[in-house]
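# Inside the fold
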Amino acid sequence: MIPQMYRIEHRQEEYPGTFTLHLSPEQDDSDAFRPGQFNMLYAFGAGEVPISMSGPESRDGSLVHTIRTQGQVTAALERLRRGDQVGVRGPFGNGWPLEIAAGSDLVIIAGGLGLAPLRPVIYSVLRSGIQTSRVRLFYGARRPAERLFQSELERWMQALELVQSVDHAVDEWQGHIGVITDPLQAAEFDAARTVAFVCGPEIMMRFCIRTLRQAGVPESAIFLSMERNMKCATGHCGHCQWGPNFVCKDGPVFCYGDIRQWFNIRAL
Amino acid sequence: MQKIPDMLREHPFFRDLAPADLEFIAGCGENAIYAAGDYLAQENEPADYFFLIRKGRVAVETYRPDRGPICLQTLHDGDVFGWSWLFPPYQWTFDGRAMDQVHAIRLNGKCLREKCEAEPRLGFQLMQRFARIATERLQAARIQLLDVYAQPSPLVGDRQ
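These remarks concern the structure in this document. Just so we're clear, the structure is a prediction, and the values are computed from it rather than from any experiment.

## Overview of the overall build of chain B
Assigned secondary structure in chain B consists of 4 helices and 8 strands. Dimensions along the principal axes, computed over C-alpha positions, put chain B at roughly 60 × 35 × 35 Å. Across the 160 residues of chain B, 46% fall into the buried class. The long-range share in chain B, meaning contacts at least 24 apart out of those at least 6 apart in sequence, stands at 75%. Accessible surface, chain B as shown: approximately 8300 Å² in total, 54% of it carbon and sulfur. Positive and negative side-chain charges in chain B, numbering 19 and 22 respectively, have mean positions lying 3 Å apart.

This is how it looks when you write it as structure tokens:
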């Protein structure tokens, strides 16, 4: 696949080292995407990285990606400014199973940057793209200032049940201080109706899954977005092979019931 | 007005405890309301009580001379605060400060210790419940130490 050319329309600093790019296509032949899918973003002269969509589905092909600087390519993307070009291949992967969430008590659990791939789900829910009986968002972050989409979080409080927890905070913080599993543990679940979408650091997901399972949520109702070393995004190079799956092609979203045996193997 | 045994029965910490045991324990309890900023407990002070939080938020804090109070954890409706009353020297190891108006049941630790010694079966049940809370808090503290949100995944290729 040849990258399509996009231009940066808007760049927003979320907090130091993490930023959001709003991209518009130079040609009008971009594909629609599903929440949870990702694109390969090409920073010219540096390389490609897989980055999840973090914005709403749009008719004009515009894209939103939220990126943390942690390598050469993301550092090159961070240096780009409005009007600069980016190459885009995608969309790739399967995305969140919104059809399974329909009619359920949807529990969205995000940790740190993991809120980015889940934001399109929240947009879908808020504009009634999927009808759920209840929506709760549990969001854990390091500090209040290191939360994504802070102005939107304020608005979401009115529209859904939002529980935020940070590891460290000062007095003005109104949410929880501690790990996200604490409020999750205190929450009540109608286990038979609950569907959980989880995205964050793998170790956080592991503890959240344990808490959900203790609450009786079945393995088949827990979905998580995995991260592995994705290079080609088409299942050919094998870099992201995970047990019998390729994360880029068969994932990145997996049902916990399907991948439990791979999830608990330490070397994978 | 709600009586102490009824309040205890509604609190998750005492869920499924026998009514007779609740009545027995209720003799050591009283209703307490704290305004925002009030201290439920202060480090190194005698730990004569523990608290079942019915409503409100309590900050578990310590103090650093160069930074002032540091909140380690917040406790909320349905949580328990305090186990220093269980072991000598019966002194608080952290501060407990009300972050907003807190409604709690304050249980007298000395009274409860004496009852547990007189009734070891109840003492064992209480110890089991506190051990579970202590284990959960220890696990949470360990996860917090991992600083998971700061950790870039080395194998990610960068997908975010």
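## Regarding the interface of chain B and chain A
Across the contact, 28 residues belong to chain B and 45 residues belong to chain A. Overall, the association of chain B and chain A removes approximately 3100 Å² of surface from exposure, summing both partners, and the carbon and sulfur fraction of that is 50%. At the junction of chain B and chain A, the tally comes to 1 salt bridge. The interface formed by chain B and chain A holds 6 residue pairs in polar contact (both at pLDDT 80 or more) in total. Counting only elements with at least two residues in the side of chain B that touches chain A, the list comes to strand S5 (68-75) and helix H4 (120-146) of chain B. Of the residues forming the side of chain B that touches chain A, the biggest block, 6 residues, is contributed by H4 of chain B.

## Re the pattern of salt bridges
Side chains that carry opposite charge are capable of pairing whenever their charged atoms lie near each other. The tally for this structure, following the rule as stated, stands at 24 salt bridges over all chains. Taking the shortest distance from any N to any O, the salt bridge between glutamate 99 of chain A and arginine 34 of chain A comes out at 3.8 Å. Placement of glutamate 99 of chain A in helix H2 (residues 98-101) and of arginine 34 of chain A in the loop between strand S2 (18-25) and strand S3 (38-43) is noted, with a sequence separation of 65 residues between them. Overall, arginine 34 of chain A belongs to the partly exposed group, its relative accessible area being 36%. With a shortest N-O distance of 3.2 Å, arginine 57 of chain B and aspartate 100 of chain B are connected by a salt bridge. Of the two residues, arginine 57 of chain B is situated in the loop between strand S3 (49-55) and strand S4 (58-64) and aspartate 100 of chain B in the loop between strand S7 (95-98) and strand S8 (102-108); the sequence distance between them amounts to 43 residues. Among the residues examined, arginine 57 of chain B registers a relative accessible area of 10% and is labelled buried. Here the residues in one salt-bridge network are Arg142, Arg143 and Glu146 of chain A together with Asp147 of chain B, joined through shared partners.

## Things to note about the sheet that holds strand S9 (residues 161-166) of chain A
Sheets are built from strands that pair by backbone hydrogen bonding, the pairs being arranged parallel or antiparallel. Residues and elements named next belong to chain A. The 7 strands are arranged S10-S9-S8-S7-S11-S12-S15 in an open sheet whose pairing can be described as mixed. Each of the sheet's edge strands pairs with one partner strand only, and the pair in question is strand S10 (176-177) and strand S15 (253-255). Judged from the 3 bridges that link them, strand S12 (residues 222-225) and S15 form a sheet pairing that is antiparallel. Residue pairing in the sheet places leucine 224 in a bridge with phenylalanine 254 of S15. Across the sheet, helix H6 (residues 202-214) touches strand S7 (105-111), strand S11 (194-199) and S12, and the angle it forms with S11 is around 165°. Contacts from helix H8 (residues 256-263) reach S12 and S15, with the element oriented near 95° to S15.

## Some points on the packing of helix H3 (residues 115-126) of chain A against helix H4 (residues 150-159) of chain A
Residue and element names in this part refer to chain A. Put simply, H3 and H4 touch, their axes get as near as 13 Å, and they point 40° apart. Classified by the interaxial angle, the pair formed by H3 and H4 is oblique. You can see that H3 and H4 cross each other, and the crossing is left-handed. Along its contact with H3, which presents Leu115, Arg119, Ile122, Tyr123 and Leu126, the element H4 presents Glu152, Leu153, Trp156 and Ala159. Of the residues belonging to the contact of H3 with H4, the class tally is 7 nonpolar, no polar and 2 charged.

## Some remarks on the state of the cysteines
Cysteine pairs can be covalently joined through their sulfur atoms, and such a bond is termed a disulfide. All chains considered together, the criterion is met by 1 disulfide over all chains. Bridging cysteine 28 of chain B to cysteine 111 of chain B, the disulfide has an S-S length of 2.0 Å. Taking the sign of the torsion about the S-S bond as the criterion, the disulfide between cysteine 28 of chain B and cysteine 111 of chain B, at about -70°, is left-handed. With cysteine 28 of chain B in the loop between helix H2 (19-26) and strand S1 (29-34) and cysteine 111 of chain B in helix H3 (residues 109-118), this pair connects stretches of sequence that are 83 residues apart. By relative accessible area, cysteine 28 of chain B is classed as buried at 6%. Counting only cysteine sulfurs, cysteine 208 of chain A is the nearest neighbor of cysteine 199 of chain A, a cysteine outside any disulfide, at a range of 11 Å.

## Digging into the packing of aromatic side chains
Under the definition given, this model contains 17 aromatic pairs over all chains. The interplanar angle of 65° and the centroid separation of 5.4 Å between the aromatic rings of tryptophan 242 of chain A and phenylalanine 254 of chain A together place this pair among those described as edge-to-face. Note that tryptophan 242 of chain A is positioned in strand S13 (residues 241-242) and phenylalanine 254 of chain A in strand S15, a separation of 12 residues in sequence. The residues tryptophan 242 of chain A and phenylalanine 254 of chain A share a single accessibility class, namely buried. Ring geometry for phenylalanine 51 of chain B against tryptophan 92 of chain B: centres 6.4 Å apart, planes inclined by 25°, an arrangement best described as stacked. Taken together, the residues span a long stretch of sequence, with phenylalanine 51 of chain B in strand S3 and tryptophan 92 of chain B in the loop between strand S6 (80-81) and S7 at a distance of 41 residues. The class for phenylalanine 51 of chain B is buried, based on a relative accessible area of 1%. Each member of the aromatic cluster is reached from another via a ring pair, and the members are Phe13, Phe14, Phe50, Trp85 and Phe130 of chain B. Arginine 119 of chain A extends its terminal NZ or CZ atom over the ring of phenylalanine 149 of chain A, reaching a point 3.6 Å from the ring centre.

Here is what the cut-offs are and how they apply
- Residues numbered from 1 in each chain as written.
- Chains lettered and ligands numbered in written order.
- Predicted model: local features only at pLDDT ≥ 70, side-chain atom pairs only at ≥ 80, totals over all residues.
- Heavy atoms only, no water.
- Helix = DSSP H or I, 4+ residues; strand = E, 2+ residues; numbered from the N terminus.
- Buried < 20%, exposed > 50% of the residue type's maximum accessible area, 1.4 Å probe, protein only.
- Contact = heavy atoms within 4.5 Å.
- Areas by Shrake-Rupley, 256 points an atom, 1.4 Å probe, with all protein chains shown as cover.
- Lys, Arg positive; Asp, Glu negative; His and termini not counted.
- Charge placed at Lys NZ, Arg CZ, Asp CG, Glu CD.
- Buried area = accessible area lost by both parts, 1.4 Å probe.
- Salt bridge = Lys/Arg side-chain N within 4 Å of Asp/Glu carboxyl O.
- Polar contact = N/O pair within 3.5 Å; in protein donor to acceptor, adjacent residues only side chain to side chain.
- Pairing = 2+ DSSP bridges.
- Axes fitted to C-alpha atoms, helices over the stretch in contact; angles between N-to-C directions.
- Parallel < 35°, antiparallel > 145°, perpendicular 65-115°, else oblique.
- Left-handed = near helix turned anticlockwise from the far one by under 90°.
- Nonpolar A, V, L, I, M, F, W, Y, C, P; charged D, E, K, R; others polar.
- Disulfide = S-S within 2.5 Å.
- Phe/Tyr/Trp six-rings, centres within 6.5 Å; stacked < 30°, edge-to-face > 60°.
- Lys NZ or Arg CZ within 6 Å of the ring centre and 35° of its normal.

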